[in-house]
Amino acid sequence: MKSCTILRSLAAATLLCCAAAHADHWPSRTVTVVVPFAAGGSTDSTARLVAEKLGKELGQPVVVDNRAGAGSNIGSAYVAKAAPDGYTLLLTSSTIATNVTLYKATGFDLDKDLVPVSQVALIPNVLVVNNDFPARTLAQFVDYVRQKKGPVNYGSAGNGTSQHLSGALFNSMVGGAMTHVPYKGGAPANMDLLGGQIQAVFAPLVEVLPYIDSGKLRALAVTTRQRSPRLPGVPTVSEALPGYEVVLWNGVFAPAGTPPAIVDKLAQALRQVTQDAGVRKVLAEQGSAPVEGSPAAFKTVLTAEVEKWGKLVRLSGAQVN
């Protein structure tokens, strides 16, 4: 019996030594970061910013591979099934937590098939309206929706997206009758808002900042608990509706089975990336905030996020087969 125990201990020690040795030599070639959304969106922008600096930290090229489709599930499933060697990673958004409840089948198990490495950024949504809309402040918008003074059609990038769920939560809290209008992406929703076909969008801040800065759209409120330093004069929704909060995030995952030593090395490198002054400056210009995370911290956050977004999905009634 003692000999079996000793053999098992030796085997475990050997595996740990091998994993550590593997981490010492990782990475020895190009690392691919899969973004499960189309090029040009907010997550893609963050991924390219992070990839450039991460490559310098790791001493090897880090390239971005866009694999969009099925609400980010195609790209996420691709990484979940990739070799757990640290050379194929996923940089995604809080959509991955939403999809656990939104989709009947995602093609992977978030809890079993992917390992959280670190969050990298937090992103607020912002309630924007076109310039012809009669409500010019958050208080006026709340009153307009609550009193049902006229139709309010709010656009989104699709059923179950953050834009949809932000609007559904707002609608529920004011007892309003806003109508959700799903689009195939945030850009067409924003275009119709500019054209007056819809009245509002709860958009990721980075996607509509150019329209806000140019005065083409009016920002009424941000969905985070604190005001955005990028738009300090714009209130939070919670200033009118206490308890309201929607926060988006970007984070990095690795395939399950990736050696812990590699995961830790990657997390340390990402921490250096998010501390970089240039990265922080670009994120601030986009209205985002860097996160200096760890695998353990991200795991805790992810568990809470799956529950939080699940409640919003059920509130909205959204479901994707």
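Residues numbered from 1 in each chain as written. Predicted model: local features only at pLDDT ≥ 70, side-chain atom pairs only at ≥ 80, totals over all residues. Heavy atoms only, no water.

Under an unreviewed UniProt entry, the chain has the name ABC transporter substrate-binding protein and belongs to Bordetella genomosp. 8. Its UniProt record, at the heading Sequence similarities (unreviewed entry), says of the chain: "Belongs to the UPF0065 (bug) family." (UniProt positions renumbered as here; feature names shortened; annotations may be inferred.)

Moving on, we get to the pairing of strand E2 (residues 62-66). The side chains of a regular strand alternate, residue by residue, between the two faces of the sheet. With five bridges connecting them, strand E1 (residues 31-35) and E2 associate as parallel partners. Among the inter-strand pairings, Val 33 is bridged to a residue of E2, identified as Val 64. Since E1 and E2 lie parallel, the crossover through helix H2 (residues 42-58) that links them has a hand, and here it is right-handed. (Pairing = 2+ DSSP bridges. Helix = DSSP H or I, 4+ residues; strand = E, 2+ residues; numbered from the N terminus. Right-handed = clockwise from strand over helix to strand, strands pointing away.)

At 3.6 residues per turn, the α-helix brings residues three or four places apart onto the same side. With 13 residues, helix H7 (residues 162-174) should reach 18 Å at 1.5 Å per residue; the first-to-last C-alpha distance of 18 Å fits that figure. Counting buried positions along H7 gives eleven out of 13 residues, so the element sits mostly inside the fold. Within the span of H7, buried status applies to Ser 162, Gln 163, His 164, Leu 165, Ser 166, Gly 167, Ala 168, Leu 169, Phe 170, Asn 171 and Val 174. In the segment just after H7, Gly 175 is the residue with positive phi, at about 65°. (Expected span 1.5 Å × (residues − 1). Buried < 20%, exposed > 50% of the residue type's maximum accessible area, 1.4 Å probe, protein only.)

Here we take up the pairing of strand E6 (residues 179-182). Here four bridges tie strand E5 (residues 153-156) to E6, and the two strands are oriented parallel to one another. Counted as the bridge partner of Gly 155 is Val 181 from E6. Regarding the hand of the β-α-β motif, the stretch spanning E5, H7 and E6 is right-handed.

Take the layout of surface pockets next. Here the largest pocket defines a volume of roughly 980 Å³. Along the wall of the largest pocket there are 42 residues; nearest its centre are Phe 37, Ala 157, Gly 185, Gly 186 and Glu 207. Secondary structure elements with two or more residues in the lining of the largest pocket: H2, helix H4 (95-102), H7, helix H8 (186-195), helix H9 (205-213) and strand E9 (247-255). Of the residues in the lining of the largest pocket, the class split is 16 nonpolar, 23 polar and three charged. Residues from two domains meet in the lining of the largest pocket; each of domain 1 (29-123 + 248-316) and domain 2 (124-239) gives at least three. (1 Å grid on protein atoms, 1.4 Å probe; cavity = no way out; pocket = protein on both sides within 12 Å on 5 of 7 lines; lining within 4 Å. Points joined across faces, edges and corners; volume = space filled by probe spheres on them. Nonpolar A, V, L, I, M, F, W, Y, C, P; charged D, E, K, R; others polar. Domains from an automatic or database assignment.)

How large an interface is tends to be reported as the accessible area lost when its parts come together. When cut into domains, the chain gives domain 1 (29-123 + 248-316) and domain 2 (124-239). Between the C-alpha centres of domain 1 and domain 2 the distance comes to 26 Å. On the side of domain 2, 17 residues touch domain 1, which itself brings 15 residues to the contact. Interface area for domain 1 against domain 2, summed over the two sides, is near 1,200 Å², with a carbon-plus-sulfur share of 73%. Joining domain 1 to domain 2, the criterion identifies zero salt bridges. Taken together, the connections running from domain 1 to domain 2 amount to one residue pair in polar contact (both at pLDDT 80 or more). The set of elements that each furnish at least two residues to the side of domain 1 that touches domain 2 consists of H4, strand E4 (114-130), helix H11 (277-286) and helix H12 (295-316). Broken down by element, the side of domain 1 that touches domain 2 gets its largest block of residues, five residues, from H12. Looking at side-chain class alone, the side of domain 1 that touches domain 2 contains nine nonpolar, five polar and one charged residues. (Contact = heavy atoms within 4.5 Å. Buried area = accessible area lost by both parts, 1.4 Å probe. Salt bridge = Lys/Arg side-chain N within 4 Å of Asp/Glu carboxyl O. Polar contact = N/O pair within 3.5 Å; in protein donor to acceptor, adjacent residues only side chain to side chain.)

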